[in-house]
Amino acid sequence: MPILKQLQEFIKGKDLTPLWEQFAKEKNGIVKSTSGDLYIEYIFSNFIFKIANYTHYINSGGKSYEKKYMIGIVEFFHPTQLEICLTKEDLFTRVCKLFKNQEITIGYKDFDNKFYVKSNKEQKAISLLKDKNIIEKIITLNPTRIEITNKDGLFGETPSNGKYMLYYAKQERLENLNQFYQIDLLLKTFIKNLKEKYEIK
């Protein structure tokens, strides 16, 4: 590898555009950019899927640093209006549990120990999340957050007027195509189940 290219990769990081382009080609999708971050939009089962990276800049103690996230979004009309918020178990959620803050448990120890789940419709949320394929994919991916919501995502993403969105976020850097495939598969599994159980459109 030429020294100049090595130096550019050291300073800017490896150019991952070819990964985005390859995945977009496989999905007949389009690669777009916003504020320097890339995203792909493509269609599956009449739904528009969006997979993006997002750079979150943080200023603390006079220093600035960044965190990278992978984001997945699918919008839909949702007659059942089920809302779910799933986050990683942490100190805050453990404190919430002490005060019995309406946490939902699914009945799978590995899942319940790792994640904190809230919903406006507990039984419907349990019915959706108890699907073995969904549970396995969530445990494998270990996301920062998964939501079904008509409100803002983690970084201000909002669904179109009158729609809900399935929202996935994980703090991680893009390194390989497999990350795209795993996010895509999780989104598809959720959408298939939501169509079957709750007639999303």
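Bear in mind that the values here come from a model prediction, so they are computed numbers and not experimental data. (Residues numbered from 1 in each chain as written. Predicted model: local features only at pLDDT ≥ 70, side-chain atom pairs only at ≥ 80, totals over all residues. Heavy atoms only, no water.)

A. Focus on the packing of aromatic side chains. For the structure on display, the rule yields 9 aromatic pairs. Geometrically, the ring pair formed by tryptophan 20 and phenylalanine 180 is edge-to-face, given 4.8 Å between the ring centres and 75° between the ring planes. With tryptophan 20 in helix α2 (residues 17-26) and phenylalanine 180 in helix α7 (residues 177-198), the pair connects residues that are 160 residues apart, well separated along the chain. We note that tryptophan 20, like phenylalanine 180, is buried. Arranged with centres 5.5 Å apart and planes meeting at 80°, the rings of phenylalanine 44 and phenylalanine 49 form a pair that is edge-to-face. An aromatic cluster of at least three residues, connected via ring pairs, comprises Trp20, Phe23, Tyr42, Phe44, Phe49, Phe180 and Tyr181. (Phe/Tyr/Trp six-rings, centres within 6.5 Å; stacked < 30°, edge-to-face > 60°. Helix = DSSP H or I, 4+ residues; strand = E, 2+ residues; numbered from the N terminus. Buried < 20%, exposed > 50% of the residue type's maximum accessible area, 1.4 Å probe, protein only.)

B. The arrangement of the sheet that holds strand β4 (residues 63-76) in detail. Here 8 strands make up an open sheet; going across it, the order is β1-β2-β3-β4-β8-β7-β5-β6 and the pairing antiparallel. Sheet topology places β1 (30-34) and β6 (115-119) at the edges, where each strand pairs with a single neighbour. Here the strands of the sheet are splayed against their neighbours by 20° on average, with no regard to which way each runs. (Pairing = 2+ DSSP bridges. Axes fitted to C-alpha atoms, helices over the stretch in contact; angles between N-to-C directions.)

C. Highlighting the nonpolar core. Among the nonpolar cores identified, the biggest contains 45 residues, and Phe76, Leu128, Ile138, Leu166, Phe180, Phe190 and Ile191 are the most heavily contacted of them. If one sorts the elements of this core by residue count, α7 sits on top with 9 residues. Of all hydrophobic cores here, the second largest spans 9 residues; its members include Tyr39, Ala52, Ile71 and Ala169. (Core = buried A, V, L, I, M, F, W, Y, C linked by side-chain atoms within 4.5 Å.)

D. Main features of the side chain of threonine 55. By the element assignment, threonine 55 lies in strand β3 (residues 47-60). A relative accessible area of 6% means that threonine 55 is categorised as buried. Polar contacts involving the side chain of threonine 55 include one to the side chain of aspartate 37, which spans 2.8 Å. With near-sequence residues (within four places) excluded, threonine 55 lies in contact with Asp37, Glu66, Lys67 and Lys68. (Polar contact = N/O pair within 3.5 Å; in protein donor to acceptor, adjacent residues only side chain to side chain. Contact = heavy atoms within 4.5 Å.)

E. Quick peek at the pattern of salt bridges. Taken as a whole and assessed by the stated rule, the structure comprises 9 salt bridges. When the shortest N-O distance is used, the salt bridge between lysine 68 and glutamate 66 registers 4.0 Å. One salt bridge connects aspartate 184 with lysine 188, and the closest N-O pair in it is separated by 3.2 Å. In this pair, aspartate 184 and lysine 188 both sit in helix α7, 4 residues apart, roughly one turn of the helix. Side by side, aspartate 184 and lysine 188 carry an identical accessibility label, which is buried. (Salt bridge = Lys/Arg side-chain N within 4 Å of Asp/Glu carboxyl O.)

F. Structural detail: unusual backbone geometry. Positive phi, normally seen in glycine, also occurs at serine 35, with a value near 55°. With respect to the secondary-structure elements, serine 35 resides in the loop between β1 and β2 (37-44). The exposure class of serine 35 is exposed, given its relative accessible area of 76%. For asparagine 142, which is not glycine, the phi dihedral falls at a positive 50°. Residue asparagine 142 is classed as partly exposed on the basis of its relative accessible area of 24%.

G. View of the pairing of β4. Inspection of the sheet shows β3 paired to β4 by 12 bridges, in the antiparallel sense. Considered in β4, the bridge of tyrosine 54 is made with tyrosine 69. Where β3 hands over to β4, the hairpin turn is made up of 2 residues, of which glycine 61 adopts a positive phi near 60°. Pairing of β4 with strand β8 (residues 164-171), which is carried by 8 bridges, proceeds in the antiparallel orientation. Bridge pairing links glutamate 75 to methionine 165 in β8.

H. The arrangement of the pairing of β3 in detail. As defined by bridge partners, β2 adjoins β3 across 6 bridges and the pair is classed as antiparallel. Residue pairing in the sheet places glutamate 41 in a bridge with lysine 50 of β3. Joining the antiparallel neighbours β2 and β3 is a turn of 2 residues, in which serine 45 adopts a positive phi near 55°.

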